[in-house]
Amino acid sequence: MRASNFKAASLTIFVAFMLAIIPLPDWAIEFRPDWVTLAMIYWAMTSPAKTGVTLAWMAGLMLDVSHGAILGQNALGLVLVIYIVHIQHQRLRVASLLQQAIVIFFLLLLKQLIVLWVSGIVGHAPHTWLFFMPCVTGALLWPWIYIIMRDIQRKIGYSTTY
Amino acid sequence: MQTLFLRGPAVTLRMIILVILSIILMTADHRWQHLDTVRNTLSYLLYPVEYVVDLPIRLYYWGQENLSAHQTLLQENQHLKDMQLQSRVQLQKLDILEKENERLRQLLSATPKTPEDHLIAEIVAVDVDPYRHFIVLNKGAKYGVYRGQPIIDAHGVMGQIVYVNAMTSTAMLISDVSHAIPVQIDRTGLRSVAFGTGQTDYLDLRHIPHNADIQVGDKLISSGLGERFPRNYPVATITRIDRDTGETFVDVRAEPLAQLDTSREVLLVWTQRHQHSTPEIESVDEEIEQQAVEASTEESVEQAPEEAVDASE
């Protein structure tokens, strides 16, 4: 990742963290997409050489701290998701936006399941199907997120070529 | 230089190491709760994000204060003065009562009630996990906030601190599913434990027998058992009693008195066990005292695990 691309990545990840904690009205809280995971997926997909699992792990730990969750819960989910994106990034990049969105849905589902599993072990798993809503909203928003992120990357950074 | 194919095995190896690390971290955090330093360090990184998110709301309040008309301010000032006068009058009576209480306690040679210390903290306007009832406060370790510290608002007990960061701290509300607070019915003195339900509008009172003397409208106050919450703070009022004779215990619901989802300012309470030592004055004695306070906090967390947090099962 070039210096300018690094700028774009840190900016978007910062904004993703902001969106993750920005206050929403009560009815919308369960629908909030997992912004940080989406941003990490984008960067792991487009510049996998530098956005690796270690960065994902750090972002996951920060997510844990901001959620007041047990340390490592989101980190574990994010590491596994980014690992999959990482080894499959070439296939993902040539897929259409719709196909990507479907894959993203299952990736987000995987992360949510890991989070649910850990909360279950710790003893406070949420008992509602709304828990999986972020996967749906995340997948639905993916085409727009992808396009916006690509524009940000082109404007601020310089698209990686290979 | 970038190659077409990334070094596969290295990534896999790193992934496996990180997964193992995550599992170790989770176990350590859940079992021993000794990862405060890690949390603290990460919270420094997170602080700018929280600051930026909270900024518009703070600006709004700032604007409201600074741009409001002279007339409104005067009116508000007059109103507050009236209220203060009223409170003063009530306090005078309370003062006498307190003195009398102290005398009576001395006569009974009971342990004297020690005064508590308070500090106002503001709730940072950020959303935390939608399925937990956590709030973020703008006072942290710098002000001597400690883990397990009770927080109250103008109406009653709100919750307790669960994570202390440098600049902020995270508190669990009494309505969280894994929270429980020892309470007592004001009218009869019957002791119970109020469990959080995950809903902000009611708590669950468990293990109350059928013949217990309780009524709808009874006020619940903190009993001080468990030595985490100070005694005699209002907690909730009983709103529903379901006497199903088939069940072993009565199903009792109580509505928290504190405004759990609308309060903006809360009070941090230092109880007698944790005297408030101001870290601003830095002398050796202070530091020793601080360490002693920290040590006793650690102890109380280990000694009273059944009291509050993790009572979900």
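The structure reproduced in this document is the subject of the present report. None of these values were measured; they are calculated from a predicted model.

If you tally the helices and strands in chain A, you get seven helices and zero strands. Taken against the 2.2 N^0.38 rule, which gives 15 Å for 162 residues, the C-alpha radius of gyration of chain A at 15 Å falls within 12% of a compact globule. Principal-axis analysis of the C-alpha atoms gives chain A an extent of 45 × 30 × 30 Å. Considering chain A as a whole, with its 162 residues, one finds that 46% of them fall into the buried category. Within chain A, contacts between residues separated by at least 24 positions form 69% of all contacts whose residues are at least 6 apart in sequence.

Turning to the environment of Gln184 of chain B, a few remarks are in order. Residues and elements named next belong to chain B. Here Gln184 shows up in strand β6 (residues 180–185). Remark: the alpha-carbon pair of Gln184 and Thr168, spanning 16 residues in sequence, is separated by 32 Å. When neighbours within four sequence positions are excluded, Gln184 is seen to be in contact with Gly189, Leu190, Arg191, Ile221 and Ser223.

Moving on: the interface of chain A and chain B. With 38 residues of chain A in contact, the opposing surface of chain B contributes 42 residues. Elements with a contribution of two residues or more to the side of chain A that touches chain B: α1 (3–21), α3 (53–67), α4 (73–87) and α6 (97–122) of chain A. For the side of chain A that touches chain B, the element with the most residues is α3 of chain A, which contributes eight residues.

On to the pairing of strand β4 (residues 157–164) of chain B. Residues and elements named next belong to chain B. With eight of eight residues buried, β4 is to be regarded as a mostly interior element. In this structure, strand β3 (residues 150–152) lies alongside β4, joined through three bridges in antiparallel fashion. Bridge pairing links Ile151 to Gly159 in β4. Taking the residues between adjacent antiparallel strands as the criterion, β3 and β4 are bridged by four residues. Direction of pairing for β4 relative to strand β5 (residues 169–173): antiparallel, over a ladder of five bridges. Looking at the pairing, Gly159 lines up with Leu173 of β5.

Turning to the nonpolar core, a few remarks are in order. One finds Met40, Ile41, Val79 and Ile82 of chain A together with Ala194 and Val235 of chain B to be the most contacted residues of the largest nonpolar core, which totals 104 residues. Sorting elements by how many residues they give to this core places helix α2 (residues 35–46) of chain A first, with 10 residues. A domain-level breakdown of this core finds at least three residues from each of domain 1 (8–61) and domain 2 (114–313) of chain B. In this structure, Ile41 of chain A is in contact with Val81, Val85, Ile104 and Leu107 of chain A, ignoring residues within four places of it in sequence.

Before going further, it helps to examine the sheet that holds β6 of chain B. Residue and element names in this part refer to chain B. Pairing within the closed barrel is antiparallel, and its six strands lie in the order β6-β7-β8-β11-β10-β9. Each strand axis lies, on average, 40° off the axis of its neighbour in the sheet, ignoring direction. As paired strands, strand β8 (residues 203–205) and strand β11 (residues 251–256) are joined by three bridges and run antiparallel to one another. Note on β11: the bridge partner recorded for Leu205 is Val252.

Approximately 45° is the largest bend angle found in helix α2 (residues 36–67) of chain B, and it occurs at Leu45 of chain B, with the proline Pro48 of chain B only one to four residues beyond. Taken together, the buried positions of α2 of chain B are occupied by Leu42, Ser43, Leu46, Val49, Glu50, Val53 and Asp54 of chain B.

This part takes up the sheet that holds β5 of chain B. Residues and elements named next belong to chain B. The sheet built from six strands closes into a barrel, its strands ordered β1-β2-β5-β4-β3-β12 with antiparallel pairing. Each strand of the sheet is rotated relative to its neighbour by a mean of 45°, with strand direction disregarded. Looking at chain direction, strand β1 (residues 117–124) and strand β12 (residues 265–270) are connected through six bridges and run antiparallel. Along β12, the bridge assignment pairs Glu122 with Glu265.

Thresholds applied
- Residues numbered from 1 in each chain as written.
- Chains lettered and ligands numbered in written order.
- Predicted model: local features only at pLDDT ≥ 70, side-chain atom pairs only at ≥ 80, totals over all residues.
- Helix = DSSP H or I, 4+ residues; strand = E, 2+ residues; numbered from the N terminus.
- Rg over C-alpha atoms; globule rule 2.2 N^0.38 Å.
- Buried ≥ 20, exposed ≤ 12 C-beta atoms within 10 Å, placed from the backbone.
- Contact = placed C-beta atoms within 7 Å.
- Pairing = 2+ DSSP bridges.
- Core = buried A, V, L, I, M, F, W, Y, C linked by C-beta atoms within 7 Å.
- Domains from an automatic or database assignment.
- Axes fitted to C-alpha atoms, helices over the stretch in contact; angles between N-to-C directions.
- Bend = angle between axes of the 7 residues up to and from the residue.

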